[in-house]
Amino acid sequence: MTETILVAVAWPYANAEIHVGNITGSHLPGDIFARYNRLKGNKVLMITGTDSHGTPVMMSADKLGKPVEEVYKSYHEGFIELFQKLGITYDLYTTTHSDNHFKVSQAMFLALQKNGYLFRQFSKQWYSPSAGRFLPDRYVEGTCYICGFEGARSDQCDNCGNVLEPEKLKNPRAKTGDGALELRDTEHFYLDLSKLEPEVKKFLQSRSDHMRDTVLGESLRKIESEGLKPRSITRDLEWGIPVPINEPGWETKKLYVWFEAVIGYLSAPIEWAQLEGQKEAWRDWWINPAAKQFHFLGKDNIFFHASQWPAELMGAGSAFMEFFAGERNAPLILPYDVPANQFMNLESQKISGSRNWAVWGRDVLTRFDPDAVRYYLTVNMPEAKDSDWDWADFVARNNNELVATWGNLANRVLSFCYKHWEGHVPDVDTTTLRPADLELLATIEAGFNTVGAELDAVRLRSALGETMKLATAVNQYLDVNAPWSAVKTDKDGAAKTIYTALKAIDSLKVMFAPFLPFTSERLHSFFGCETHLFGEQYTEEVTDAIGTHKVLRYREVSRTGSPTYWKPSDLKPGQKLNQPAPLFKKLELAVIEEERGRLGK
RNA sequence: GCCGAGGUAGCUCAGUGGCAGAGCAGGGGACUCAUAAGCCCUUGGUCGGGAGUUCAAAUCUCCCCCUCGGCACCA
């Protein structure tokens, strides 16, 4: 049965480059899951984009003396370049700075307001008269009113460790050099999460059978012990989405990024549908109770995706479509699963951009192949707990597992066959295959179910491990049947062995494909196939009412005649092959110290 | 501080009441198609510490230690 699946990945923030921890946390698991479901013939839409608004982006722009749009776009375009090189196949990678996203976000705000889930409240904030703006607490420092430490942040003192009340800070000053500060009253909107608490609990309970324990701990169990409190959803800020109310004083306020960025899960499919020229196509993923939505993200974002975003959706209810499309009784669906990952450390220390203790995505791909990076990030994915990127381990796993077990298997069989059967699959009568041949093929065939079950449950490490075990089974089979000996005395027997091994490899190619798309595609071509396993990525410039933005897109391959590639090989005896070559590169041990030498500099 | 997740072999990690496991690393062996790859055999553990429940605990309960995340207008 064909399923309809939304693969939603957390929105990268436009204030830092993307590193391996971000990749293994969300983009890569999302891509593996999307590719697997596409191979199965499911209807997949994978989306996200750059979270472009907020104070830090504006502060960076001030510091650089550049327009804020230029700053967000330089990160945005770097992200797109990375996703193309790494093969992260977004059907649409867009930005929150688009006319469409503004409209959808504002409609969501109005829907929540109409349904009574918003309220206004005044609070005191530090204001810079000279700069003419309010400053977030993290940008204000002064003397701690508890211990007297002079470098305290207004919300926390790093010296005594106490959480501070910002308005009590002594001698406040702006870290940004905005001159003297004064306290001013400011009014903001709050999302009344306490009213939605019963619905959020019910939502999480209904999914507790398949959600990860780490995710339920951060959401359901936490709400049960602490409850949900209202959260402010607007800010005093120039850069962002205007609050949709016509009242004096609100022109300078914007929707808070944590309120609006998650709305991108809804706005991006809408933009995708417009770009496809099928305006209503997004509804299949959003107003279709049978669709399943999966959210990929790191543990720091669990609250916003497992609690706040579902609360926004439930609070808006059918009212969103009333504001957005003038339509009644069209409620939006809720996420199916939030398979959040933990964090990846680097050489036993926390990844830190400011100390350059990081392996940056674009940089690492200048020296290593994308599938090698994808492999290491998948076998080491922090699904249950924090994991560690270790360069010695990276080299070892590349050489011992990827090159030796899988790459060598494909290469030894294909090249042996190419040499002894003149570039063709041995022309065996498949009804004469021996019990050992049929047994191997049955083992491999069963893999489509066992590996598929792991992938369905988003246990990606386990799925890849199971696939690697099957590659080992083929190596074992070869050892027992030794076609290199048989070819001299019993070429017919050797032909059966090689045919069987080729057919097994042809199947394994598909099972490895979600994880290793580039090399699987290459292997696919060695088998003489003129089709492709996957489609292609491309970029496009979109112009709308507020400007232009670049988007990354994905054009799916047509699967004429066969709705699914996720099935055992039907390799034809006698089929023409193409000249094979090794799929992966063995790495020198010197790489370990070279790469470690780059860290922290 | 409060809440949550984690601590198992040298390394990376599976394992939710029934003889402590896998891969890699270390040691030994037979083979030669292959990127000196693959295959077979093998050494290795106080399951963070302590107490308890049980015929039986890595697993359940309590206390403690360590790592990470959340909670504060960072995103």
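All figures in this text were calculated on a predicted structure; none of them were measured in a lab.

1. Regarding the protein's contact with RNA strand B
No. 1: Close to RNA strand B lie 61 residues; G217, S387, A404, N408 and P582 are nearest.
No. 2: Counting residues per element, the surface near RNA strand B draws most heavily on helix α15 (residues 391-420), at 13 residues.
No. 3: In terms of residue class, the surface near RNA strand B is built from 17 nonpolar, 22 polar and 22 charged.

2. Considerations on the pairing of strand β9 (residues 182-191)
No. 1: When strand β4 (residues 118-128) meets β9, the two strands line up antiparallel, connected through ten bridges. Looking at β9, one finds that R120 is bridged to F189.
No. 2: As paired strands, β9 and strand β10 (residues 231-232) are joined by two bridges and run antiparallel to one another. For L191, the partnering residue across the bridge sits in β10 and is R231.

3. What about helix α4 (residues 99-114)?
Side chains of residues three or four places apart in an α-helix project in the same direction, reflecting 3.6 residues per turn.
No. 1: Taking 1.5 Å as the rise per residue, α4 with 16 residues should run 22 Å; its terminal C-alpha atoms sit 22 Å apart, in good agreement.
No. 2: The first or second residue beyond α4 is G116, which carries a positive phi of 80°.

4. Topic: unusual backbone geometry
No. 1: In this structure, N329 is a non-glycine residue whose phi angle is positive, near 55°.
No. 2: Relative to the elements of secondary structure, N329 occurs in the loop between α12 (319-325) and β14 (344-346).
No. 3: For N329, a count of 7 C-beta atoms within 10 Å puts it in the exposed group.
No. 4: The phi angle at E422 is positive, at roughly 45°, despite the residue not being glycine.
No. 5: Mapped onto the elements of the fold, E422 is located in the loop between α15 and α16 (435-456).

5. Considerations on the nonpolar core
No. 1: Counting residues in each nonpolar core, the largest one holds 158 residues, and the members touching the most others are V7, F320, V413 and V474.
No. 2: A domain-level breakdown of this core finds at least three residues from each of domain 1 (4-117 + 190-341) and domain 2 (391-527 + 574-601).
No. 3: Those residues in contact with V474 that sit more than four places away from it in its chain are L409, L440, A501, A504 and I505.
No. 4: Of all hydrophobic cores here, the second largest spans eight residues; its members include W126, F134, L135 and V140.

6. Considerations on the environment of A319
No. 1: Inspection of the secondary structure puts A319 in helix α12.
No. 2: For A319 and A330, which are eleven residues apart along the polypeptide, the C-alpha to C-alpha distance reads 8.4 Å.
No. 3: Not counting chain neighbours up to four residues away, the residues in contact with A319 comprise A111, K114 and N115.

7. Let's talk about the domain arrangement of chain A
No. 1: Split by domain assignment, chain A resolves into domain 1 (4-117 + 190-341) and domain 2 (391-527 + 574-601).
No. 2: Of note, the centres of domain 1 and domain 2, computed from C-alpha atoms alone, are 39 Å apart.
No. 3: Opposite the nine residues of domain 1 that make contact, domain 2 presents nine residues.
No. 4: Among the residues forming the side of domain 1 that touches domain 2, the class breakdown is six nonpolar, one polar and two charged.

8. Structural notes on the sheet that holds β10
No. 1: Read across the open sheet, the four strands follow the order β5-β4-β9-β10; overall the sheet is antiparallel. Whereas interior strands pair on both sides, the edge strands pair on one side only; in this sheet they are β5 (133-134) and β10.

9. What about the sheet that holds strand β2 (residues 43-50)?
No. 1: Pairing in this open sheet of six strands is mixed, and the strands run β13-β1-β2-β3-β17-β16 from one edge to the other. If you trace the sheet from one side to the other, it starts and ends with β13 (292-296) and β16 (536-544), each paired once. On average, adjacent strands in this sheet sit at an angle of 20° to one another, irrespective of strand direction.
No. 2: Relative to strand β17 (residues 547-555), strand β3 (residues 92-95) is paired through two bridges, and the arrangement is antiparallel. Directly across from L92, in β17, lies its bridge partner R553.
No. 3: Taken strand by strand, helix α3 (residues 68-86) contacts β2, β3, β16 and β17, and its axis lies near 10° from that of β17.
No. 4: Lying over the sheet, helix α9 (residues 264-276) contacts β1 (4-9), β2 and β3, oriented at roughly 115° with respect to β2.

Scoring rules and cut-offs
Residues numbered from 1 in each chain as written. Chains lettered and ligands numbered in written order. Predicted model: local features only at pLDDT ≥ 70, side-chain atom pairs only at ≥ 80, totals over all residues. Near = placed C-beta within 6 Å. Helix = DSSP H or I, 4+ residues; strand = E, 2+ residues; numbered from the N terminus. Nonpolar A, V, L, I, M, F, W, Y, C, P; charged D, E, K, R; others polar. Pairing = 2+ DSSP bridges. Expected span 1.5 Å × (residues − 1). Buried ≥ 20, exposed ≤ 12 C-beta atoms within 10 Å, placed from the backbone. Core = buried A, V, L, I, M, F, W, Y, C linked by C-beta atoms within 7 Å. Domains from an automatic or database assignment. Contact = placed C-beta atoms within 7 Å. Axes fitted to C-alpha atoms, helices over the stretch in contact; angles between N-to-C directions.

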